[in-house]
Amino acid sequence: MPDNDLPRKSRPLTPERGAGRIARNRMRIAWMYYVEGLTQHEIAHRLGIGRVTVVRNINEAIRQREVKIWIEGDVSECFVLEGELKKAFGFKDAVVVPEPSTADSIRKSIGVAAGMFLSDTLEDDMTVGVGWGATLYESLATLAPRALENVQVISLLGGIVQALKFNPAEFAWQFARIMGADCYLFQAPAVVDSPETREALIERCGLHDIFRRAERLDLAILSVGTMAPSSTAFRFNLISDEERAELLKLGAVGDMLYNFYDREGRLVDHPVNRRIMSLPIAQLRSVPTRVIASGGNDKVDSLLGAIKLVDCNVLITNEATARELLLGRT
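For every chain, the first residue of the written sequence is number 1, and numbering continues from 1 onward in sequence order. Totals for whole chains, interfaces and linings use all residues, but because this is a predicted model, local features are given only for residues with pLDDT of at least 70 and pairs of side-chain atoms are given and counted only at 80 or more. Excluded from the side-chain calculation are hydrogens and water; included are all heavy atoms of the structure.

Here's the deal with the overall build of the chain
Going by this rule: By definition, any uninterrupted DSSP run of H or I lasting at least four residues is a helix, any uninterrupted run of E lasting at least two residues is a strand, and each is numbered from the N terminus. By the convention used here, residues are in contact when the closest approach between their heavy atoms is within 4.5 Å. Each accessible area is a Shrake-Rupley result for a 1.4 Å probe, and residues are judged covered by the shown protein chains and nothing else.
Within the chain one finds 14 helices and nine strands. Restricting the contact set of the chain to residue pairs at least 6 apart, pairs at least 24 apart contribute 70%. Per element, the accessible surface of the chain, about 16,600 Å² overall, is 50% carbon and sulfur.

As for unusual backbone geometry
With a phi angle near 65 degrees, aspartate 125 is a residue other than glycine that sits in the positive phi range. Position of aspartate 125 relative to the elements: it lies in the loop between helix H5 (106–121) and strand S2 (127–130). Of note, the phi angle at tyrosine 258 is positive, near 70 degrees, even though the residue is not glycine. Structurally, tyrosine 258 is set in the loop between strand S6 (252–256) and strand S7 (259–262).

Here we look at a nonpolar patch on the surface
As a reminder of what qualifies: Patch membership needs two things, relative accessible area over 30% and no salt bridge, and members are linked within 9 Å if like-charged or within 5 Å if nonpolar (Val, Leu, Ile, Met, Phe, Trp, Tyr). The term salt bridge refers to a pairing of a side-chain nitrogen on Lys or Arg with a carboxyl oxygen on Asp or Glu at a separation within 4 Å. Relative accessible area decides the class of each residue, using a 1.4 Å probe on protein chains only: under 20% of the type maximum gives buried, over 50% gives exposed, and in between gives partly exposed.
Together, Trp31, Tyr34, Val35 and Ile62 line one region of the surface with nonpolar side chains, adding up to about 390 Å² of accessible area. Inspection of the secondary structure assignment puts tyrosine 34 in helix H1 (residues 22–34). Residue tyrosine 34 is classed as partly exposed on the basis of its relative accessible area, which comes to 35%.

Focus: the nonpolar core
Condition: Among buried residues, those of type Ala, Val, Leu, Ile, Met, Phe, Trp, Tyr and Cys that are joined through side-chain atoms within 4.5 Å constitute a nonpolar core.
Formed by 62 residues in total, the largest nonpolar core has its most connected members in Leu85, Met256, Tyr258, Phe260, Leu284 and Ile292. Among the elements that make up this core, the one with the highest residue count is helix H13 (residues 300–309) (six residues). In this structure tyrosine 258 touches Trp132, Leu157, Ile160, Ala190, Val191, Thr232, Ala233, Phe236, Leu238, Ile239, Asn273 and Ile276, once residues within four positions along its chain are discounted. By size, the runner-up hydrophobic cluster in this structure holds 31 residues, among which are Val97, Val151, Ala176 and Ala293.

Concerning the packing of aromatic side chains
Each aromatic ring pair is characterised by the separation of its centres together with the angle its planes make. Note the cut-off: Within 6.5 Å between ring centres, the rings of Phe, Tyr and Trp (the latter by its six-membered ring) count as paired, and their orientation is classed by plane angle as stacked under 30 degrees, edge-to-face over 60, tilted in between. Placement of a positive charge over a ring is assigned whenever Lys NZ or Arg CZ falls within 6 Å of the ring centre and within 35 degrees of the normal to the ring plane.
Going through the model one piece at a time under the given rule, you end up with seven aromatic pairs. Measuring from ring centre to ring centre gives 6.0 Å for phenylalanine 171 and phenylalanine 175, while their planes differ by 65 degrees; the resulting arrangement is edge-to-face. Of this pair, phenylalanine 171 and phenylalanine 175 both sit in helix H7 (residues 168–179), separated by four residues, roughly a single helical turn. The exposure class assigned to phenylalanine 171 is buried, which follows from its relative accessible area of 2%. Looking at phenylalanine 175, the relative accessible area reads 0%, which means it is buried. Sitting above the plane of the phenylalanine 234 ring, arginine 244 keeps its charged end 5.8 Å from the centroid. Taking the ring centre of phenylalanine 89 as reference, the NZ or CZ of arginine 329 above it sits at 5.3 Å.

Some words on the pairing of strand S5 (residues 219–222)
Put simply, the rule reads: For two strands to count as paired, DSSP must find a minimum of two bridges between them.
Here S5 shows a buried face lined by Leu219 and Ile221 and a second buried face lined by Ala220 and Leu222. Where S2 lies against S5, three bridges are found, and the strand directions are parallel. Pairing of glycine 129 across the sheet is with alanine 220, part of S5. Relative to strand S8 (residues 289–293), S5 is paired through four bridges, and the arrangement is parallel. Each residue of the ladder has a partner; that of isoleucine 221, found in S8, is valine 291.

Considerations on the confidence of the model for the chain
To keep things clear, this is the line we draw: Each residue carries a pLDDT score, the predictor's confidence in it, ranging from 0 to 100.
Confidence in the prediction of the chain, expressed as mean pLDDT, is 87, and 89% of residues score 70 or more. Residue range residues 1–11 is modelled with pLDDT below 50. Its contacts to residues more than four positions away, or to other chains, number five contacts.

Remarks on the layout of surface pockets
For clarity, the cut-off: Both cavities and pockets are sets of points on a 1 Å grid over the protein atoms alone; in a cavity a 1.4 Å probe fits but cannot get out, in a pocket the set is open with protein on both sides within 12 Å along at least five of seven lines, and lining residues sit with an atom within 4 Å of a point. Grid points are joined across faces, edges and corners, and a volume is the space filled by probe spheres set on the points. Residues are grouped as follows: Ala, Val, Leu, Ile, Met, Phe, Trp, Tyr, Cys and Pro are nonpolar; Asp, Glu, Lys and Arg are charged; all remaining types, including Gly, are polar.
Of the voids in this model, the second largest pocket is the one considered here, and its volume is about 550 Å³. Elements with a minimum of two residues in the lining of the second largest pocket: H5, helix H6 (134–138), helix H10 (232–235) and S6. Grouping the constituent residues of the lining of the second largest pocket by class yields ten nonpolar, twelve polar and six charged.

Digging into the packing of helix H2 (residues 40–47) against helix H3 (residues 51–63)
The cut-off we apply is this: Axis definition: a line fit to C-alpha positions, over the contact stretch in the case of helices; interaxial angles, taken between N-to-C directions, run 0 to 180 degrees. Note on terminology: angles under 35 degrees are roughly parallel, angles over 145 are roughly antiparallel, angles of 65 to 115 are roughly perpendicular, and the others are oblique. Less than a right angle of anticlockwise turn of the near helix away from the far helix marks a crossing as left-handed, whereas a clockwise turn marks it as right-handed.
Direction vectors running N to C along H2 and H3 enclose 110 degrees, while the axes themselves pass 8 Å from each other. As judged from the angle between their axes, H2 and H3 are roughly perpendicular. Note on packing geometry: the crossing formed by H2 with H3 is right-handed. Side by side, H2 and H3 meet where Gln40, Ile43 and Ala44 of the first sit next to Arg51, Val54, Val55 and Ile58 of the second.

Remarks on H7
Inclusion rule: Multiply 1.5 Å by the residue count of a helix minus one, and that product is the helix's expected span.
Taking 1.5 Å per residue, twelve residues should reach 16 Å; H7 reaches 17 Å between its end C-alpha atoms and fits that length. Backbone geometry just after H7 places glycine 180 at a positive phi near 65 degrees.

Some words on the side chain of threonine 289
As for its placement among the helices and strands, threonine 289 is situated in strand S8. A relative accessible area of 12% places threonine 289 in the buried class. What threonine 289 contacts, discounting residues up to four positions off in sequence, is Lys92, Asp218, Leu219, Ala220, Asn313 and Val314.

Quick look at the structure:
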């Protein structure tokens with residue numbers, strides 16, 4: 001019997017077609033999968049489409065932020081580590097995510113947790129300073145839009161031309177867009193050619209407004225980089241190989257907003273630190289809530305230094321890194 005001759009309830013649900021209806025089809029599939037609890041095979045049968053199409057639409061719904069997955073409840077080992085970190089470092093809060101199955105997933109896991117933390121923490125009338133990097137970019141996936149009033153987002157670092165995805169300006173704008181906040185960008189290159197150029201840009205190009213607004217920051221969300229050539233700080237060739245070698249000789253273990261520091265949390269005495277277009281580290285230390293979201297065994301020394309550098313009081317990291325930090329502090 002042709003489908004048209006079947007009773008209405010017996011006919012397969014044909015997904016809508018046309019460019020303007022793609023999103024509705026995707027949402028219908030996501031609803032059936034996550035809310036109704038249908039299997040991918042059942043959805044494919046009901047809609048008269050292939051299972052591969054179902055999988056593709058589910059993945060796209062997550063990518064488009066139409067679906068957010070929240071997991072509530074404590075993982076006991078992580079909960080214990082959070083308490084130990086708070087006691088050892090004096091944090092007012094710590095978030096430890098379960099150890100990912102692969103090292104490549106650490107960045108995403110921490111970023112997801114950072115987005116959830118920020119969604120719970122942000123309130124009306126807050127001014128938020130944002131750093132940059134791959135880990136923070138992942139936080140956008142779980143940053144939940146809320147009806148907040150008078151929230152301002154300020155980029156804490158100048159822009160990077162080559163970094164389309166991880167550009168500080170792009171991250172700040174996306175963050176502000178999701179939260180419905182006003183966004184203030186650091187309209188300058190991240191690294192300039194001399195301290196004199198830095199001063200001239202601040203004095204003559206209207207950057208005083210950013211510094212003035214940053215004096216009222218309620219929260220700063222930051223990440224850290226290592227001294228490895230593959231680290232974000234070196235990936236875009238703003239720091240030369242020669243400068244990197246010099247920084248290493250001076251004891252640099254990582255960077256925050258392109259400011260290079262040693263394991264004791266002291267900025268190294270190198271000209272590159274005087275050419276960075278970022279909010280001064282000393283000013284960051286006065287922000288009431290100073291969040292660092294970062295992890296991985298290669299970042300233990302970087303994190304130990306960064307915690308001291310800005311007197312971090314909220315840390316978001318993974319299990320293995322949390323344990324190494326506790327061992328490294330003793």
